[in-house]
Amino acid sequence: MSEKASFHQLAVIGAGTMGIGIAEFFARAGYSVQVYEKKAEVFEQSYQTMTHRLKRQVEKGKLKAEVCQEILNRIYPVSTLEDLATSDLIVEAIVEQLKVKQELFSQLDQIISPQTILATNTSSLSITAIAAETVHPERVVGLHFFNPAPIMPLVEVVVGAETNPTVVETCIDWMRKIGKSPVRVSDSPGFLVNRVARPFHLEAYRLVGEGTATKEQVDRIIRAAGFKMGPFQLQDLIGIDINYAASLSVYEGYFHESRFRPHYLQKSLVDQGALGRKTGKGHFDYDS
Ligand SMILES: C[C@H](O)CC(=O)SCCNC(=O)CCNC(=O)[C@H](O)C(C)(C)COP(=O)(O)OP(=O)(O)OC[C@H]1O[C@@H](n2cnc3c(N)ncnc32)[C@H](O)[C@@H]1OP(=O)(O)O
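All values reported here derive from a predicted model rather than from experimental measurement.

Chemist: Give a detailed account of the overall build of the protein, specifying residues and quantitative values.
Modeler: For the protein, the count of helices and strands is 11 helices and 8 strands. Rg of the C-alpha trace for the protein: 19 Å, near the compact-globule value of 19 Å for 288 residues, within the 12% margin. Summarising its shape, the C-alpha atoms of the protein cover approximately 55 × 50 × 35 Å along the three principal directions. Each of the 288 residues in the protein was classed as buried or not, and the buried ones make up 48%.

Right, dumping it as structure tokens:
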């Protein structure tokens, strides 16, 4: 592994499902992680959920109580972006809106050193476009984790038009070192996984929309075919809003090719605020 791959201080921006999952994974790997989240209540809620899950692991005898405490102690919130000035690697996991991400990256560019690697966990937005607003686009890279981030091995390492190859190598080496299975992918709409996943999700919506099958039937049959989850269960895990944002982004990115057209039921659920497990209601209902 290259010398540069020895990170000391890590940071995550955004403490939603993915942000806190990524922070937990880094903490489990032995790193201390600063978490910047604009809304204190979002951090509190996510931290509580994570704590609850880790404690259940202790009860099940899968995690030692002291290890659980060490993991929790390594994750701490910070209240300003300036607090991240000395980070070696920052992973952004905020809302999937290009403008908002560009503004954040351009702000960070003024605060951190040119050596800091700036990663985005975007599921489908262009890394090149996110980097375009920064003075140092060469240190911007995609690190696309999968939900649940603490346990899913795959990480797409997404190479933007100006990403420095050393940054890519450093991330790949380090991801391997801490137990992930990184794959290098080029910057295109939806990268690899979210593009391949479009027909999986969208055809499922079409089947249900045209009355050919129910959501329960689709999920049951897909599971029987060997998938861990059916498309509707999986969307409830990922977040229906996140999956809809990926659908829109791939559709836009391929200039409205009809095979990528999002489905009205996606938008309808988002408009209702039925976003999946995180809101207690999505395709199915969940206890809070
Ligand atoms: C949209 C994005 O851009 C891209 C994406 O993220 S696409 C989504 C990719 N993810 C998937 O495809 C997930 C597919 N599903 C699965 O792998 C499994 O169903 C699952 C891991 C979510 C749950 O597994 P399952 O066996 O049904 O449930 P359960 O027994 O509760 O959990 C299995 C283990 O995962 C852990 N786990 C479950 N949810 C977790 C979470 N959110 N965070 C951390 N750990 C979690 C449990 O603690 C348990 O660990 P243990 O074996 O040590 O006790």
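Chemist: Got a sec to walk through the pattern of salt bridges? Specific residues and values, please.
Modeler: A side chain with one charge can pair with a side chain of the opposite charge if their charged atoms come near. This structure, assessed with the given rule, holds 12 salt bridges. Among the salt bridges present, the one from Asp241 reaches Lys278, with a minimum N-O distance of 2.8 Å. Here Asp241 is found in helix α10 (residues 240-253), whereas its partner Lys278 is found in the segment after α11 (264-272), with 37 residues between them in sequence. Three or more residues joined by partner-sharing salt bridges are found here, namely Glu24, Arg28 and Arg53.

Chemist: Quick rundown of the UniProt feature "domain: 3-hydroxyacyl-CoA dehydrogenase NAD binding" (unreviewed entry) in the protein? Include the residues and the values.
Modeler: As recorded in UniProt, the feature "domain: 3-hydroxyacyl-CoA dehydrogenase NAD binding" (unreviewed entry) lies at residues 10-187. Helix makes up 41% of residues 10-187 and strand 22%. Its end C-alpha atoms lie 24 Å apart.

Chemist: Account for the packing of helix α2 (residues 40-59) against helix α3 (residues 65-73), with residues named and values stated.
Modeler: Here α2 crosses α3 at 165 degrees, and the two axes come no closer than 9 Å. What the angle tells us is that α2 and α3 run roughly antiparallel. Seen from above, α2 lies across α3 with right-handed handedness. Facing Tyr47, Met50, Thr51, Leu54, Lys55 and Val58 of α2, the residues of α3 in contact are Ala65, Cys68, Ile71 and Leu72.

Chemist: With reference to specific residues and values, describe the packing of aromatic side chains.
Modeler: Enumeration over the complete set of coordinates arrives at 9 aromatic pairs. Ring centres of Tyr205 and Phe232 lie 5.6 Å apart, and the angle between their planes is 85 degrees; this geometry places the pair in the edge-to-face category. Taken as a pair, Tyr205 in helix α7 (residues 193-209) and Phe232 in helix α9 (residues 231-238) lie far apart in primary sequence, 27 residues in all. By relative accessible area, which is 0% here, Phe232 ends up buried. Three or more aromatic residues joined by ring pairs form one cluster here, namely Phe7, Phe25, Phe26, Tyr31, Phe145 and Trp174. Above the face of the Phe25 ring, Lys180 is positioned so that its terminal group lies 4.0 Å from the ring centre.

Chemist: Describe in detail the side chain of Asn194, supporting the description with residues and values.
Modeler: Its location among the elements puts Asn194 in helix α7. Each residue touching Asn194, except ones within four places of it in the same chain, is listed here: Ser123, His144 and Ala246.

Chemist: Residues and numbers for the UniProt feature "site: Important for catalytic activity" (unreviewed entry) in the protein, please.
Modeler: The UniProt record annotates "site: Important for catalytic activity" (unreviewed entry) at His144. With respect to the secondary-structure elements, His144 resides in strand β6 (residues 140-145). In this structure His144 comes out as buried when scored by relative accessible area, which is 4%. Excluding its chain neighbours within four sequence positions, the residues that come into contact with His144 are Thr120, Asn121, Thr122, Ser123, Leu154, Val155, Glu156, Phe191 and Asn194.

Chemist: Describe in detail helix α1 (residues 17-28), supporting the description with residues and values.
Modeler: For α1, spanning 12 residues, the distance from its first C-alpha to its last is 16 Å, which sits close to the expected 16 Å at 1.5 Å a residue. Within α1, 10 of the 12 residues are buried, which leaves it mostly tucked inside the rest of the structure. When α1 is considered as a whole, its buried residues turn out to be Met18, Gly19, Ile20, Gly21, Ile22, Ala23, Glu24, Phe25, Phe26 and Ala27.

Scoring rules and cut-offs
- Residues numbered from 1 in each chain as written.
- Predicted model: local features only at pLDDT ≥ 70, side-chain atom pairs only at ≥ 80, totals over all residues.
- Heavy atoms only, no water.
- Helix = DSSP H or I, 4+ residues; strand = E, 2+ residues; numbered from the N terminus.
- Rg over C-alpha atoms; globule rule 2.2 N^0.38 Å.
- Buried < 20%, exposed > 50% of the residue type's maximum accessible area, 1.4 Å probe, protein only.
- Salt bridge = Lys/Arg side-chain N within 4 Å of Asp/Glu carboxyl O.
- UniProt positions renumbered as here; feature names shortened; annotations may be inferred.
- Axes fitted to C-alpha atoms, helices over the stretch in contact; angles between N-to-C directions.
- Parallel < 35°, antiparallel > 145°, perpendicular 65-115°, else oblique.
- Left-handed = near helix turned anticlockwise from the far one by under 90°.
- Contact = heavy atoms within 4.5 Å.
- Phe/Tyr/Trp six-rings, centres within 6.5 Å; stacked < 30°, edge-to-face > 60°.
- Lys NZ or Arg CZ within 6 Å of the ring centre and 35° of its normal.
- Expected span 1.5 Å × (residues − 1).

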